[in-house]
Amino acid sequence: MRTSILVGIALISISIAAAQSAEERGLQIAKAAEKADQGFISSIVNLKMTLKNKNGQTSERLLVTKTLELTEDGDKSLIVFNSPKDVKGTSTLTFTHKVGSDDQWLFLPSIKRVKRISSNNKSGPFVGSEFAYEDLSSQEVEKYAYTFLEENGNLLLVEQDPVDPKSGYTRRIVTYNKDKGYRIEKIEFYDRKNSLLKTLTYSDYKLYKGKFWRALTFNMINHQSNKETLLKFSDYNFEAMLADEDFTQVALQRAGK
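Residues numbered from 1 in each chain as written. Predicted model: local features only at pLDDT ≥ 70, side-chain atom pairs only at ≥ 80, totals over all residues. Heavy atoms only, no water.

Some thoughts on the overall build of the protein chain
A count of helices and strands for the protein chain gives three helices and 13 strands. For the protein chain, the C-alpha radius of gyration of 20 Å lies close to 18 Å, the compact-globule estimate for 257 residues. Considered along the principal axes of its C-alpha atoms, the protein chain spans approximately 75 × 40 × 35 Å. Considering the protein chain as a whole, with its 257 residues, one finds that 46% of them fall into the buried category. Counting only contacts in the protein chain whose residues sit at least 6 apart along the sequence, the fraction spanning at least 24 positions is 45%. A gap of 5 Å separates the mean positions of the 37 positive and 33 negative side-chain charges of the protein chain. (Helix = DSSP H or I, 4+ residues; strand = E, 2+ residues; numbered from the N terminus. Rg over C-alpha atoms; globule rule 2.2 N^0.38 Å. Buried < 20%, exposed > 50% of the residue type's maximum accessible area, 1.4 Å probe, protein only. Contact = heavy atoms within 4.5 Å. Lys, Arg positive; Asp, Glu negative; His and termini not counted. Charge placed at Lys NZ, Arg CZ, Asp CG, Glu CD.)

Points about the packing of aromatic side chains
Across all of its chains, the model carries 14 aromatic pairs by this definition. Each ring, one from F40 and one from F212, has its centre 6.3 Å from the other, and the planes form 80°; the classification is edge-to-face. In this pair, F40 sits in the loop between α2 (22-36) and β1 (42-52) while F212 sits in strand β12 (residues 212-222), placing the two residues 172 residues apart along the sequence. F212 sits in the buried class, given a relative accessible area of 5%. Ring-pair connections join several aromatic residues into one group, and the members of that group are F40, Y202, Y208, F212, F218, F233, Y236 and F238. The ring of F148 carries the charged tip of R25 above its face, separated from the ring centre by 4.1 Å. When the ring centre of Y190 is taken as origin, the NZ or CZ atom of R171, which lies over that ring, is 3.9 Å away. (Phe/Tyr/Trp six-rings, centres within 6.5 Å; stacked < 30°, edge-to-face > 60°. Lys NZ or Arg CZ within 6 Å of the ring centre and 35° of its normal.)

Some thoughts on the pairing of strand β10 (residues 183-190)
Most of β10 is tucked away: seven of the eight residues are buried. When strand β9 (residues 171-177) meets β10, the two strands line up antiparallel, connected through seven bridges. Bridge assignment links R172 to a residue of β10, and that residue is F189. Relative to strand β11 (residues 196-208), β10 runs antiparallel, the two sharing five bridges. Among the inter-strand pairings, E188 is bridged to a residue of β11, identified as T199. Hairpin connection, β10 to β11: the antiparallel pair is bridged by five residues, and N194 has positive phi, about 65°. (Pairing = 2+ DSSP bridges.)

A short note on α2
Its 15 residues give α2 an end-to-end C-alpha distance of 21 Å, which sits within 8% of 21 Å, the value for a rise of 1.5 Å per residue. Among all positions in α2, only G26, I29, A30 and A33 are buried. For α2, the angular spread of buried residues about the axis comes to 95°, placing them on one side. Elements in contact with the buried residues of α2: β7 (144-152), β8 (155-162) and β9. (Expected span 1.5 Å × (residues − 1). Arc of directions from axis to C-beta.)

Details of the pairing of strand β13 (residues 227-237)
Consecutive side chains along a regular strand alternate between the two faces of the sheet. With eight bridges joining them, β1 and β13 adopt antiparallel strand pairing. The residue of β13 that forms the bridge with M49 is L231. Note: β12 against β13, six bridges, orientation antiparallel. Looking at the pairing, I221 lines up with E228 of β13. In this antiparallel pair of consecutive strands, β12 and β13, the connection spans four residues, and N226 shows a positive phi of 65°.

A closer look at unusual backbone geometry
Look at the link from S83 to P84: it is a cis peptide, with omega at 0°. Relative to the helices and strands, P84 is located in the loop between β3 (76-83) and β4 (91-95). With phi around 45°, V127 is a residue other than glycine that occupies positive phi space. Tracing the sequence through the fold places V127 in the loop between β6 (113-116) and β7. Positive phi outside glycine occurs at D204, with the angle close to 55°. When its relative accessible area of 44% is taken as the criterion, D204 is described as partly exposed.

Spelled out as structure tokens, the structure:
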């Protein structure tokens with residue numbers, strides 16, 4: 001009897017999955033990933049950024065990122081460069097929004113002023129890296145339309161089409177790991193001509209506070225320019241208790257001094 005019940009449950013689960021459209025399942029996966037990471041409140045992390053040009057020559061930068069989790073809207077983040085001298089003090093503030101264009105500001109210590117980043121320039125490179133300004137935004141479900149593509153073992157592939165017409169991408173192919181809190185393993189970015197532009201790979205994952213997966217290595221490869229940006233994260237701090245006042249234009253300027 002027990003075996004029959006289990007078989008029946010399995011058949012029902014299969015039927016429900018089959019009844020879902022590709023769009024519904026894609027959205028369901030994105031929501032599951034968002035829910036799995038809710039509740040971290042805020043964090044601070046150190047990064048080492050390594051830039052590699054098409055000839056294989058490298059340069060390094062040290063920076064710190066602060067993040068404030070918000071539930072009613074997208075997250076806020078503040079990125080500050082600490083070295084080398086030519087970028088030291090350069091800071092970026094991002095207010096991600098669930099709906100509409102994000103708000104972003106850049107503080108340049110050389111001219112001692114805050115510059116607002118136009119939504120028309122969101123596809124531009126972030127401080128010479130292979131990350132675009134729009135890549136700095138938090139992963140908000142409302143920013144995309146979804147289509148489930150395929151399942152390979154514990155990996156789920158979902159196409160995400162940006163809602164914002166000013167995005168530099170036509171679509172992203174995102175690989176989720178359903179057995180590890182729906183964490184993201186890889187993102188493939190397609191440009192406005194629908195050609196593969198970049199691939200971002202997440203690795204060296206570590207679990208914090210028994211719930212929050214964080215990749216300690218990001219590797220962004222630009223297939224069209226043959227350039228690469230490697231990010232190495234260290235010393236995650238989830239106990240800083242950051243607040244809104246840590247993410248203002250005043251805080252942006254203060255962080256860059």
